[in-house]
Amino acid sequence: MNSKENISFIKSYVDFAALNGYNALLVYLENVVRTEDTLYFSKETTYSQDEIKEIVAYAESKRIEVIPAFENLG
C-alpha cells in the first residue's frame, strides 16, 4: 500500500526549504490526487484538490514555488 505525507509534514518541509534558501519544491504527484474523475482513489493514499491548494498556498506564503511532477507516458 502506498502512503502519502501528511499536510503538517509537508508544511514543515516547506519551512525547512525556506529557512535554507530554497525557492522551489518539486512534488511528485502521480496517482496521488483525487479529482471528480478519480474518486475511486483511496483517501488514505491521495490528496484532495483542496489539500493541494492548501499546500501551494502555504508554500507561496513562504515564497516557495511548488512544481508538480507527473510521469507522462506517451
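Per chain, residue numbering runs from 1 following the sequence as it is written. Local features are withheld for residues below a pLDDT of 70 in this predicted model, meaning they are given only at 70 or higher, and side-chain atom pairs are given and counted only at 80 or more; totals for whole chains, interfaces and linings count all residues. Processing note: side-chain calculations cover all non-hydrogen atoms of the structure and skip hydrogens and water entirely.

Asks: What am I meant to see in unusual backbone geometry here?
Replies: Backbone geometry follows two general trends: most residues other than glycine have a negative phi, and most peptide bonds adopt the trans configuration. The backbone of Asn31 sits at a positive phi, close to 60 degrees, despite the residue not being glycine. What counts as a helix is a DSSP run of H or I of at least four residues, what counts as a strand is a run of E of at least two, and both are numbered from the N terminus. Checked against the element boundaries, Asn31 lands in the loop between β1 (24–28) and α2 (49–61).

Asks: Would you take a moment to explain the layout of surface pockets for this structure?
Replies: A probe matching the size of a water molecule, rolled over the atoms, marks out where space remains unfilled. Considered as a void within the structure, the largest pocket measures approximately 390 Å³ in volume. Grid points spaced at 1 Å and placed over the protein atoms alone form the basis of the search, with a cavity being a set where a 1.4 Å probe fits but cannot get out and a pocket an open set showing protein on both sides within 12 Å along at least five of seven lines. Lining residues have an atom within 4 Å of a point. Lining the largest pocket we find 19 residues, and of these Ile10, Val27, Tyr28, Leu29 and Tyr47 sit closest to its centre. Of all the elements in the fold, those that place two or more residues in the lining of the largest pocket are α1 (7–19), β1, α2 and β2 (65–69). Broken down by element, the residue count for the lining of the largest pocket peaks at four residues, all from β1. Under the scheme applied, nonpolar residues are Ala, Val, Leu, Ile, Met, Phe, Trp, Tyr, Cys and Pro; charged residues are Asp, Glu, Lys and Arg; polar residues are all the others, including Gly. In terms of residue class, the lining of the largest pocket is built from 15 nonpolar, one polar and three charged. Grid points are joined across faces, edges and corners, and a volume is the space filled by probe spheres set on the points.

Asks: Just to check I follow, could you spell out a nonpolar patch on the surface for this structure?
Replies: The patches reported here contain residues having more than 30% relative accessible area and no salt bridge. Joining distances are 9 Å for like charges and 5 Å for nonpolar side chains (Val, Leu, Ile, Met, Phe, Trp, Tyr). In short, Shrake-Rupley with a 1.4 Å probe defines the accessible areas, and a residue's cover is counted only from the protein chains shown. Within this document, salt bridges are pairs made up of a side-chain nitrogen of Lys or Arg and a carboxyl oxygen of Asp or Glu, the two lying within 4 Å of each other. Nonpolar side chains collect at one region of the surface, where Phe9, Tyr13 and Phe16 lie side by side and expose about 320 Å² of accessible area between them. The exposure class assigned to Phe9 is partly exposed, which follows from its relative accessible area of 40%. Whether a residue is buried, partly exposed or exposed follows from its accessible area with a 1.4 Å probe, protein chains only, as a fraction of its type maximum: under 20%, in between, or over 50%, in that order.

Asks: Would you take a moment to explain the side chain of Thr46 for this structure?
Replies: By the secondary structure assignment, Thr46 is in the loop between β1 and α2. Given the relative accessible area of 1%, Thr46 is considered buried. The definition of a polar contact used here is a pair of N or O atoms within 3.5 Å, where within protein one atom must be able to donate a hydrogen and the other to accept one, and adjacent residues in sequence count solely through side-chain atom pairs. At 2.7 Å, the side chain of Thr46 forms a polar contact with the side chain of Arg34. Side-chain polar atoms of Thr46 contact the backbone oxygen of Ser42, separated by 2.6 Å. Here, residues are in contact when the closest pair of their heavy atoms is within 4.5 Å. When near neighbours in sequence (up to four residues on either side) are disregarded, Thr46 contacts Lys4, Asn31, Val32, Val33, Arg34, Phe41 and Glu51.

Asks: Looking at this model, I keep getting lost on the packing of aromatic side chains. Mind explaining?
Replies: Aromatic ring pairs: the centre-centre distance and the angle between the two ring planes describe each pair. Ring pairs shown here join Phe, Tyr and Trp side chains whose ring centres sit within 6.5 Å, with only the six-membered ring taken for Trp; geometry is labelled stacked below 30 degrees between planes, edge-to-face above 60, and tilted in between. According to the stated counting rule, one finds two aromatic pairs in the structure shown. Centre to centre, the rings of Phe9 and Tyr13 are 6.4 Å apart; their planes meet at 35 degrees, and the pair counts as tilted. Highlighted residues: Phe9 and Tyr13, both in helix α1, separated by four residues, approximately one helical turn. Note on Tyr13: relative accessible area 42%, which makes it partly exposed. Ring geometry for Tyr13 against Phe16: centres 6.0 Å apart, planes inclined by 40 degrees, an arrangement best described as tilted. One end of the pair, Tyr13, and the other, Phe16, are both in helix α1, three residues apart, so they sit about a helical turn from each other. When its relative accessible area of 47% is taken as the criterion, Phe16 is described as partly exposed. Counting every residue linked through ring pairs, the aromatic cluster contains Phe9, Tyr13 and Phe16.

Honestly, it's all geometry; don't read function into it.
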